[in-house]
Amino acid sequence: MLKSKTFVKKTRSGGIMKIVREHYLRDDIWCGSEVCTECKQEETVLQKDTYIESNLCSFPHYLLPDTNIVLSQIDILEDPLIKNVIILQTVLQEVRHRSAPIYKRLKDILHDKEKHFYTFTNEHHRETYIEREQGESANDRNDRAIRISTKWYSDHLNNTPTDKRLKVVLLTNDRGNKEKAEESGLLTYRCKKQHTTVTSVPQDETAVLTSNEITSSKVLFPEHLPLSRIQSGIKSGTFQQGTFRASRDNYLEATVFVHGEGDDSTEVLIQGLQNLNRAVHQDLVAVEILPLNQWVAPSSVVLQDEGPKEDDVTEEEEEAELKSGPSGAASRKPTGRVVGIIKRNWRPFCGMLFLSQIKEATRHLFTPADRRIPRIRIETRQAATLAGQRIMVAVDGWPKHSRYPNGHFVRSLGSAGDKETETEVLLLEHDVPHQDFSQAVLSFLPKMPWNITEEDMAVREDLRNLTVCSVDPPGCTDIDDALHCRDLPNGNQEVGVHIADVSHFIRPGNAMDLEAANRGTTVYLTGRRIDMVPELLSSNLCSLRSSVERLAFSCIWEINDKAEIVKTRFTKSVINSKASLTYAEAQMRIDDANMNDDTTKSLRGLNRLAKILKKRRIEKGALTLSSPEVRFHIDSETHDPIDLQTKELKETNSMVEEFMLLANISVAQKIYDEFSECALLRKHPAPPPSNYDILNKAAKSKDMVIHTDSAKALADSLDAAQVDGFPYFNTLLRILATRCMMQAVYFCSGMDSDFHHYGLASPIYTHFTSPIRRYSDIIVHRLLAVAIGADSTYPDLMDKHKQSALCNNLNYRHKMAQYAQRASVAYHTQLFFKSRGILNEEGFILFVRKNAIIVLIPKFGLEGTVFFENKDKPSPKLIFNEEVPSLTVEGHSFNMFDKVKVTISLDASNVQHQKIRMSLVEPNVIFPGKLTYRMLMGCQ
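Below: a short report on this structure. (Residues numbered from 1 in each chain as written. Predicted model: local features only at pLDDT ≥ 70, side-chain atom pairs only at ≥ 80, totals over all residues. Heavy atoms only, no water.)

## Focus: the sheet that holds strand 35 (residues 886-889)
If you walk across this open sheet you meet the three strands as 34-35-36, and the pairing is antiparallel. With one partner strand each, in any of the chains shown, strand 34 (878-881) and strand 36 (892-895) form the two edges of the open sheet. For this sheet the average axis-to-axis angle between neighbouring strands, irrespective of direction, equals 20 degrees. Of the pairings in the sheet, the one linking strand 35 to strand 36 comprises four bridges and is antiparallel in character. (Pairing = 2+ DSSP bridges. Helix = DSSP H or I, 4+ residues; strand = E, 2+ residues; numbered from the N terminus. Axes fitted to C-alpha atoms, helices over the stretch in contact; angles between N-to-C directions.)

Structure follows, in structure tokens:
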């Protein structure tokens, strides 16, 4: 059967075009049910035995959800207990147009054979296709199509003699659609009512609040503008769009990063509940810039949402605590308000339940682990069971009359405080892929035992005779790099950097390659490593261990005595490392005059050249910054930390770093020369002048001037910044300078014009030296292999748009891995202090706020906030000077870099957010502050 629709369309040139659209209808489309005897189907999806233990539906039944149920209840549909569901073509198409992430999740469910979800193409079935009536909206037409298909299924299955009791249940939360379905005699339930009666499903999963269930009718937030108004406003310049970034330190403040052309990007400050207007961290929002006379400075107050607020709390009451910064014109920032949400970035959030004080209440507040995410109101009948558990909750919506968004329980992760549970939370919160490698991925691993073949040797340079060695941290098993240095007959030296040839084992486009590209990087947690590639490669076949033959990609230079490069060449090679050393072991060899073996001589040659290279690099303006890192000593049985100390860097650390940098720069130039449009490079943008404000104020407090016109000027200023009798001052200044830096990022050369790496003072740079743990390096290896004729190219490698999209994912994964690693250090620091009790330690004031000081404890790399306000006690007299900056508390002045002594202990009173609590010992002020903890973040 053929339906056709004819209409005319005006062309750009002004002509008229007649368009005929044909729509074919069939009567042989299967229903997909095992029960059916009418359809001549080759295979079935919907089962005959469809019993789910339910108090409402005690009979066998199939579920048929409408579009809004799929969009809002995808978590319920993903539940393993929910099976035998009919997804109409109408619903599938609507979901595809309205939410790409949910469409993908729905497609994954449809492909899962154990779920028995069946797609029925109702739009092409002769008995279920309907045309849109005159005056009928597209949404109403689709609702009618869903009802027609439900009725067809009910009648069709009732005609089968097998089981007359089999029903089709339409799920809809739309009141009008439900009433019309019931008038047609269809069995219809709201999702909540149907799902709450499934006795084997935890009741929490069914608790989804709808707008008519909210008790408060008071409007707390402005209405979000419709997308059409937002789009026209952005086009006219009335509104700006950008990424919403909530503050960690002040829950009533956020910034919106507005992307501009090139480097022309700005940050808009948002202050106050109404101006934040229900935006959640990482949402894409539209903002309206306020008039200049309403611009304010960022708040100098550290303010955290300590407890639940009722919906009737006024904005004035809540924001009485919010104090903006200085009112001077120089300190004020572009300030705005959120007028609409362009794209939500909601995901399931990890956290804990804050139980209601009302007896037998079903409505409770969920507190996310990430302080930047607001509390979420959920409804559950199992609050007592979930108390003390880490759980996941998804957001459903945020009505304008609710102080908090509404959501529903997704799943439990385990008991709070359990190490495995806390690690799982950490990985989920930072979106770190950590599932086991699939069989599809593992199928591309080489068969064991593996050996280097004659074919491999024929296309590689044999460097097994060279005295190659590796130098790495203790316990390193994924050894990416090794080095050698030897004298040449002409008086120069040959230096080689040999990198694991991971691209030999991971070929473009296969399952292992796609998985590595998605993971982007290996993530190093305290006591655990989340590999980017399977362990057979990372710790065995690719690892350049000593005394075994390994495939490598070598960068070899001829260098003269002044460490000047005479010649560079690249080659695929076979090496046999003579020693796998730690930094300490390599340092002892260099320092021991009695050792003169070939490996030690090689190390001494490398070390001598590295010092010259580093000196020259610093002279060009390369920065030497500081960010204290800590190392844990882990108990071999309990895996708990038993000692914590800052990492000590040796000459050999610098030696390896210099040659890795040199290799990366050499390779970057080579691949750019060969592939100017699609080279994968890495850049470090210069910070905007405003980033240096805090550094300049810190230097000014010591009567110094820091020049920030260029990296060279900054480096020279930092070198000259010394205070007699205060050796740690220079380190503190470099820590602040690190905070001023921008994030280094990957990019495709054909999509950018600024290649400069600010921190390294290099005109071009890439990552070549760590392909076991970074996917960027694998791509660089492939580009270099094509450049020297050692491998063939493939389309995606030469596609600058795909390279650029890959870079975006790599930048995201790299950033999340950094945050996950810091969170892991923070958690293990808590475990360490839990076992150590109370300690007294010296620290330095790093920042001064209006109501607090932020203290750095160098010994442990900790940073904490001493609050001088307490809601339970009279507040002390505080005088804040923004320009110096300093804070006077009851007559005692606290300045940046002042030395203080604190007592450190673990406060476990809040299981969700345990804190390292500190109190001032020296100087002893009348009102002793309380100090909460966070890990030193360093340069991002």
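## Topic: the pairing of strand 17 (residues 406-415)
Burial within strand 17 is extensive, with seven of its ten residues counted as buried. Judged from the eight bridges that link them, strand 16 (residues 389-397) and strand 17 form a sheet pairing that is antiparallel. In the strand pairing of strand 17, M392 is matched with R411. (Buried < 20%, exposed > 50% of the residue type's maximum accessible area, 1.4 Å probe, protein only.)

## Brief notes about the state of the cysteines
Enumeration according to the criterion identifies zero disulfides in this entry. Summary of cysteine pairing: C807 is not part of a disulfide, and the nearest cysteine sulfur, belonging to C748, is at 6.3 Å. (Disulfide = S-S within 2.5 Å.)

## A word on the side chain of E841
Along the chain, E841 falls in strand 31 (residues 839-848). Side chain to side chain, E841 and K859 meet in a polar contact 3.5 Å long. For E841, the residues in contact, after removing those within four places along its chain, are I857, K859, F860, V900, K901, V902 and I904. (Polar contact = N/O pair within 3.5 Å; in protein donor to acceptor, adjacent residues only side chain to side chain. Contact = heavy atoms within 4.5 Å.)

## A short note on the environment of D592
Structurally, D592 is set in the loop between helix 17 (583-591) and helix 18 (598-619). The exposure class assigned to D592 is partly exposed, which follows from its relative accessible area of 28%.

## Things to note about the side chain of D370
Along the chain, D370 turns up in the loop between strand 14 (363-368) and strand 15 (376-379). For D370, a relative accessible area of 11% translates into the label buried. Those residues in contact with D370 that sit more than four places away from it in its chain are R248 and E429.

## What to know about the sheet that holds strand 10 (residues 266-271)
Spatially, five strands are ordered 10-9-8-11-12 in an open sheet, and the strand pairing comes out antiparallel. Both outer strands of the open sheet, strand 10 and strand 12 (336-343), are each paired with one neighbouring strand and no more. Strand-to-strand twist of the sheet, defined as the mean angle between neighbouring strand axes without regard to direction, takes the value 40 degrees. Where strand 8 (residues 239-246) and strand 9 (residues 253-258) come together, five bridges link them in antiparallel fashion. The partner of T243 across the bridge, within strand 9, is F257.

## Overview of the packing of aromatic side chains
Aromatic rings considered in pairs are described by the distance between their centres and by the relative angle of their planes. In this structure the tally under the stated criterion is 16 aromatic pairs. Between the aromatic rings of F120 and W152, the centroid separation amounts to 5.1 Å while the plane-to-plane angle is 10 degrees, which identifies the pairing as stacked. Separated by 32 residues along the polypeptide, F120 in strand 5 (residues 117-120) and W152 in helix 5 (residues 138-158) bring together distant segments of the chain. In this structure, F120 and W152 share a single accessibility class: buried. (Phe/Tyr/Trp six-rings, centres within 6.5 Å; stacked < 30°, edge-to-face > 60°.)

## Description of the nonpolar core
L537, W557, F659, L680, F768 and Y775 are the most contacted members of the largest nonpolar core, which has 85 residues in total. Sequence-distant contacts of F768, that is, excluding residues within four places in its chain, are made with I499, F553, C555, A663, N664, V667, R774, D777, V780, H781 and L784. Listed in part, the 51 residues of the second largest apolar core include A721, F832, I845 and V900. (Core = buried A, V, L, I, M, F, W, Y, C linked by side-chain atoms within 4.5 Å.)

## Focus: the packing of helix 18 against helix 19 (residues 651-674)
At a minimum axis separation of 8 Å, helix 18 and helix 19 run at an interaxial angle of 70 degrees. When the axes of helix 18 and helix 19 are compared, the pair comes out roughly perpendicular. Crossing geometry of helix 18 relative to helix 19 is assigned as left-handed. Packed against helix 18, whose contacting residues are L603, L606, N607, L609, A610, K611, L613, K614 and R617, the element helix 19 presents E651, S654, M655, E658, F659, L661 and L662 at the interface. Residue composition of the contact of helix 18 with helix 19, by class: nine nonpolar, two polar and five charged. (Parallel < 35°, antiparallel > 145°, perpendicular 65-115°, else oblique. Left-handed = near helix turned anticlockwise from the far one by under 90°. Nonpolar A, V, L, I, M, F, W, Y, C, P; charged D, E, K, R; others polar.)

## Digging into the pattern of salt bridges
Evaluation of the coordinates by the stated rule reveals 46 salt bridges. A salt bridge links D501 to R460; the nearest nitrogen and oxygen atoms lie 2.5 Å apart. Of this pair, D501 sits in the loop between strand 21 (493-500) and helix 15 (511-519) while R460 sits in the loop between helix 14 (454-458) and strand 18 (461-462), placing them 41 residues apart in sequence. R460 shares its class with D501; the two are buried. Close ionic contact of K800 with E677 constitutes a salt bridge, the shortest N to O distance being 3.3 Å. Of this pair, K800 sits in helix 24 (residues 800-836) while E677 sits in the loop between helix 19 and strand 29 (680-683), placing them 123 residues apart in sequence. Salt bridges sharing partners connect three or more residues here, namely D75, E78 and R105. (Salt bridge = Lys/Arg side-chain N within 4 Å of Asp/Glu carboxyl O.)

## Points about the packing of helix 19 against helix 23 (residues 775-787)
Two quantities define a packed helix pair, namely the angle between the axes and the distance from one axis to the other. In the contact formed by helix 19 and helix 23, the axes pass within 9 Å of each other and the chain directions differ by 60 degrees. Of the possible angle classes, the one that applies to helix 19 and helix 23 is oblique. Handedness of the crossing formed by helix 19 with helix 23: left-handed. Note on element contacts: helix 23 touches helix 19 through V780, L783, L784 and A787, opposite V667, K670, I671 and E674. Among the residues making up the contact of helix 19 with helix 23, the classes are represented as six nonpolar, no polar and two charged.

## Side note on the environment of L806
Within the element layout of this structure, L806 appears in helix 24. Among the residues examined, L806 registers a relative accessible area of 16% and is labelled buried. In the structure, L806 is positioned 59 residues away from F747 in sequence and 8.8 Å away in space, judged by C-alpha atoms. Those residues in contact with L806 that sit more than four places away from it in its chain are A517, L680, Y775 and I779.

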